[in-house]
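Coordinates in review
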Amino acid sequence: MKARVCLLLLLLLTPLGLSGSFRRTIFFESFDSFDLGVTPPGWELWEGSTAEVSDSTAYSPPKSFKVDSSTVARRIGLEDADKLGVVARVYPSSGPVLLGFAKNDGTVKWIAYLKFDSGTATCGGKGSFSYSAARWYQVEVVLDLPSGRYWCYVDGEYVGLQMTPEPYTLEGLALKSNGASYFDDVEVYKIVPSSFLAEVWVDRGCGSTYRTGEPIEVRVRVNKDARVEVWEEFENGTTRLIAGFNARANVEYSFTGSLKGSGYRRFVVKAWSNDAEYSENSCFIRVEEVPVKPVAIVKGENGRVGKKVYLDASKSYDPDGRVVEYYYDFGDGNTYGWTRESVVSHVYVKPGVYFVKVKVRDNDGLESDWSDPFKVVISPENRPPVASITSNLTKARVGQKVYLDASKSYDPDGDELEYYYDFGDGVTYGWTAFPAVRHSYRAPGNYTAKVRVRDEEGLESDWAYLTVQVINERPKAFIDEVPGTAEEGEEVTLKGHGTDPDGGRIVRYEWRSNLDGFLGSSQEVKAYLRPGVHVISFRVMDDEGTWSDWVTARLEVKGKVQTVRVTITHTKVERETVVERGVERGEERGRGGINLLPLALMAVLLVALVALLLRRASSSRP
């Protein structure tokens with residue numbers, strides 16, 4: 001900075017001596033007032049290039065000037081100029097990027113320029129300023145027209161001094177880019193000999209960098225009594241009047257305050273002398289946000305000797321930027337140097353308890369404090385897991401769902417487990433990450449279910465066993481229809497159904513009578529039954545071959561009344577007596593003779609007695 005001040009003093013005092021001079025802005029453009037895609041008025045395209053105002057929202061401000069191909073220039077007037085300068089903000093994305101003065105004689109011929117390329121800024125191809133990031137830089141080229149010398153500055157730092165090849169052929173301000181770089185806030189000024197001079201500077205010197213919230217002192221001075229205004233111009237184009245007052249010649253005035261916001265800032269002094277002379281000067285500074293340290297956070301896992309343990313610092317963060325690098329201390333005397341990997345692995349060679357910590361670095365180069373330590377337990381060897389099995393049922397019906405649970409299995413080393421089930425009925429459930437499964441048995445019996453587990457390295461446990469008793473409950477039979485009575489020779493219909501509490505199917509049916517024996521094997525049968533009182537029995541069978549208990553119903557079949565005809569012959573008197581259904585009807589054949597009515601009645605009673613004995617005899621047969 002001291003070198004720059006000395007050089008500027010040299011420029012101002014040579015060759016004018018003490019006669020005085022002042023800086024006058026020829027033009028200033030922020031490019032914010034032009035429509036996107038439009039070349040600003042007054043700019044010429046040299047070498048067939050194209051130029052436009054582009055929406056560069058990735059940068060700041062939201063609009064800036066972009067040269068899409070080669071070179072763009074603006075004509076400038078040099079009359080009455082002693083020294084000529086250009087100040088601009090440049091965002092070099094990928095070189096080359098040039099700013100300076102040139103002429104156009106069919107091709108662009110640079111007279112005085114600053115060049116950004118491959119991480120280095122040079123003045124006329126000599127001197128250097130190293131840069132490492134694509135960001136906005138404040139640049140300046142100052143040309144002494146009489147001597148042909150020019151100086152270059154980047155962010156207030158002196159880059160170098162060169163001689164112009166042809167100072168008398170200068171035509172205009174030129175910008176050159178590859179289409180990926182931007183220009184903004186371009187100001188061309190000239191220093192003109194004058195007896196009236198206004199000056200402005202800051203306590204750290206123009207081109208210095210301040211932090212947000214830091215104090216700053218702005219100083220102004222004029223060499224004649226004058227009306228003075230001091231302005232603050234911000235990066236977004238807004239302005240603020242700091243002070244307006246009547247200043248006395250050669251008296252230094254100062255204004256103090258604290259800086260707010262960030263970005264480039266320009267302090268401008270405007271002065272009108274009592275004899276109607278005007279002088280203007282400006283001073284650029286850069287204001288940066290106060291950086292905030294990033295915060296480091298690390299998590300991990302337990303492990304075993306000789307096996308990779310993974311540690312994760314991806315939850316680390318930076319309140320005003322982003323985390324770009326990580327530094328690990330594994331707690332065993334080993335570290336993992338700065339890396340862009342947020343997750344790393346480490347192998348411990350001895351068992352024990354270790355405390356891992358990490359620190360991070362953000363995109364501003366700030367390092368965090370060490371993170372809180374994370375405890376890592378390293379086991380000496382891989383121990384086999386232990387299997388356990390339980391069930392919601394140890395006695396179940398056929399077809400009922402049985403839940404088997406191995407969630408109480410564990411690994412002494414803390415590994416995740418897989419499970420293998422054998423249900424004992426020939427069915428297995430292969431390796432799975434689910435500790436609980438369900439199964440239903442299709443036949444009654446005692447089954448030994450078992451499970452084993454394995455850890456992440458494939459080491460398996462012994463079997464764990466559980467006995468499940470499976471039973472088949474009897475089905476139930478129900479008589480739906482049996483008539484209470486029927487006549488001999490009448491067809492009767494018998495209906496029934498069955499259910500299985502185990503959820504099985506009814507596959508067989510059986511009907512029987514105590515008098516007539518087997519009647520049928522379907523849900524509905526039709527039969528002719530002998531007279532008498534029948535006990536009807538019904539049962540069903542399930543698909544496991546188990547019969548239900550018998551269920552019964554009573555059915556009485558009534559016999560028919562028989563007709564008996566008796567004929568008695570007498571030698572003298574013929575009388576025929578007919579007893580039919582208990583009613584006597586007699587007819588005489590001939591006249592006179594013996595009265596045979598009593599004998600007929602006795603015969604009828606005898607026949608009825610014989611019929612009754614025959615019925616009882618038939619009812620007693622099986």
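Higher on the page you've got the structure.
Summary of the structure given here. (Residues numbered from 1 in each chain as written. Predicted model: local features only at pLDDT ≥ 70, side-chain atom pairs only at ≥ 80, totals over all residues. Heavy atoms only, no water.)

**What about the nonpolar core?**
Under the convention used in this document: Here, nonpolar core refers to any group of buried Ala, Val, Leu, Ile, Met, Phe, Trp, Tyr and Cys residues whose side-chain atoms link them within 4.5 Å. Only protein chains enter the accessibility calculation, which uses a 1.4 Å probe. A residue is then buried if its area is under 20% of the maximum for its type, exposed if over 50%, and partly exposed in between. Per the convention used, a helix needs a DSSP run of H or I reaching at least four residues, while a strand needs a run of E reaching at least two, with both numbered from the N terminus. Note on definitions: a residue-residue contact is assigned when non-hydrogen atoms from the two residues lie within 4.5 Å.
Grouped together as the largest cluster of nonpolar side chains are 48 residues, with contacts concentrated most on Phe65 and Phe116. When residues in this core are grouped by element, the largest group, seven residues, is from strand E8 (residues 108–117). Apart from the residues within four sequence positions on either side, Phe116 is in contact with Val90, Pro92, Gly95, Pro96, Val97, Ala121, Tyr131, Tyr137, Val139 and Val154. Within the second largest apolar cluster, 23 residues are counted, among which are Cys206, Tyr210, Val230 and Leu259.

**Notes on the state of the cysteines**
By definition, a disulfide links two cysteine residues through a covalent bond between their sulfur atoms. Threshold: Our working definition of a disulfide is a cysteine sulfur pair at a distance within 2.5 Å.
Overall, the coordinates contain two disulfides when judged by the stated rule. Disulfide pairing is shown between Cys123 and Cys152; the S-S distance is 2.1 Å. On the S-S bond that ties Cys123 to Cys152, the torsion sits near 65°, and the link is right-handed. Of this pair, Cys123 sits in strand E9 (residues 120–123) while Cys152 is found in strand E12 (residues 149–154), placing the two residues 29 residues apart along the sequence. Pair check on accessibility: Cys123 and Cys152 agree, each one buried. Two residues, Cys206 and Cys283, share a disulfide whose sulfurs are 1.9 Å apart. Since a negative S-S torsion denotes a left-handed disulfide, the Cys206-Cys283 link at about -130° is left-handed. You can see Cys206 sitting in the loop between strand E16 (198–202) and strand E17 (209–211) and its partner Cys283 sitting in strand E23 (residues 278–288), a full 77 residues away along the chain. With respect to burial, Cys206 and Cys283 carry one shared label: buried. Going through the protein in sequence order and numbering each bonded cysteine, the pairs you get are 1-2, 3-4.

**Overview of the side chain of Glu29**
This is how it is decided: Contacts described as polar in this section are N or O atom pairs within 3.5 Å, which, within protein, must combine one atom able to donate a hydrogen with one able to accept it, while residues neighboring in sequence count only if both atoms come from side chains.
Examined against the element boundaries, Glu29 turns out to sit in strand E1 (residues 21–29). Classification of Glu29 as buried rests on a relative accessible area of 11%. Only 2.5 Å separates the side chain of Glu29 from the side chain of Arg74, close enough to count as a polar contact. Those residues within four positions of Glu29 in sequence are excluded, and the remaining contacts are Phe34, Pro41, Trp43, Arg74, Asp184, Asp185 and Val186.

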